[in-house]
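Residue-level listing of the chains:
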Amino acid sequence: MILISLNYDVIEFISLNYDVIEYAERTYPEFDTGTLVFVSVGNVSRLTCDYVLMEEELATEARISRVHYADKRVGVWTVNTEAGIREFLSSRVDLIITDRIDLADKIQAELDERSDLEIIRDVIGDAFG
């Protein structure tokens, strides 16, 4: 499966089939590519893609850090619960894939309205309990 996302002037290829991603990277290097993963094994820096898109259950802080360390962006799919959307919009992931765009927009607006003190409290609160 290939998903071609048309976002204004951006074209992105994402697929579960890594051969498709390698082909897209060779043939259309100007387009962003992302490989969808549901298992986490191996050296992520060897992947020829721009994004690593993990299933929600795989997207731990350690895995997110490893992908960023490999100089790739991180996405999480398919995040449809309010708690999941809030968690990942507040995290270091670069994008989420959701069927609940209206809910994601609402949560993002709430997060954007937080004061600096509320943001610090949220980060410190998570660190201590």
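Predicted model only: the values in this text are computed from it and were never measured. (Residues numbered from 1 in each chain as written. Predicted model: local features only at pLDDT ≥ 70, side-chain atom pairs only at ≥ 80, totals over all residues. Heavy atoms only, no water.)

Novice: Would you mind going over the nonpolar core in detail, with residue names and values included?
Specialist: Of all hydrophobic cores here, the largest spans 22 residues; its most connected members are Val52, Met54, Ile85, Phe88 and Val93. For this core, the elements supplying multiple residues, two or more each, are strand S4 (51-55), helix H2 (61-69), strand S5 (73-77), helix H3 (82-89) and helix H4 (101-112). Here this core gets four residues from one element, more than from any other, and that element is H4. In this structure, Ile85 is in contact with Val79, Asn80, Ile96, Thr98, Arg100, Leu103, Ala104 and Ile107, ignoring residues within four places of it in sequence. Counting five residues, the second largest nonpolar core, distinct from the first, contains Ile14, Leu36, Tyr51 and Leu53. (Core = buried A, V, L, I, M, F, W, Y, C linked by side-chain atoms within 4.5 Å. Buried < 20%, exposed > 50% of the residue type's maximum accessible area, 1.4 Å probe, protein only. Helix = DSSP H or I, 4+ residues; strand = E, 2+ residues; numbered from the N terminus. Contact = heavy atoms within 4.5 Å.)

Novice: Outline the packing of aromatic side chains, listing residues and values.
Specialist: One pass over the full model with this rule turns up three aromatic pairs. Ring geometry for Phe13 against Phe31: centres 5.6 Å apart, planes inclined by 50 degrees, an arrangement best described as tilted. Within this pair, whereas Phe13 is found in strand S2 (residues 10-15), its partner Phe31 is found in the loop between helix H1 (18-27) and strand S3 (32-37), the two being separated by 18 residues in sequence. Each of the two residues, Phe13 as well as Phe31, counts as buried. Ring pairs connect the aromatic residues Phe13, Tyr28 and Phe31, which therefore count as one cluster. Above the face of the Tyr51 ring, Arg73 is positioned so that its terminal group lies 4.3 Å from the ring centre. (Phe/Tyr/Trp six-rings, centres within 6.5 Å; stacked < 30°, edge-to-face > 60°. Lys NZ or Arg CZ within 6 Å of the ring centre and 35° of its normal.)

Read these as geometric descriptors, not functional statements.
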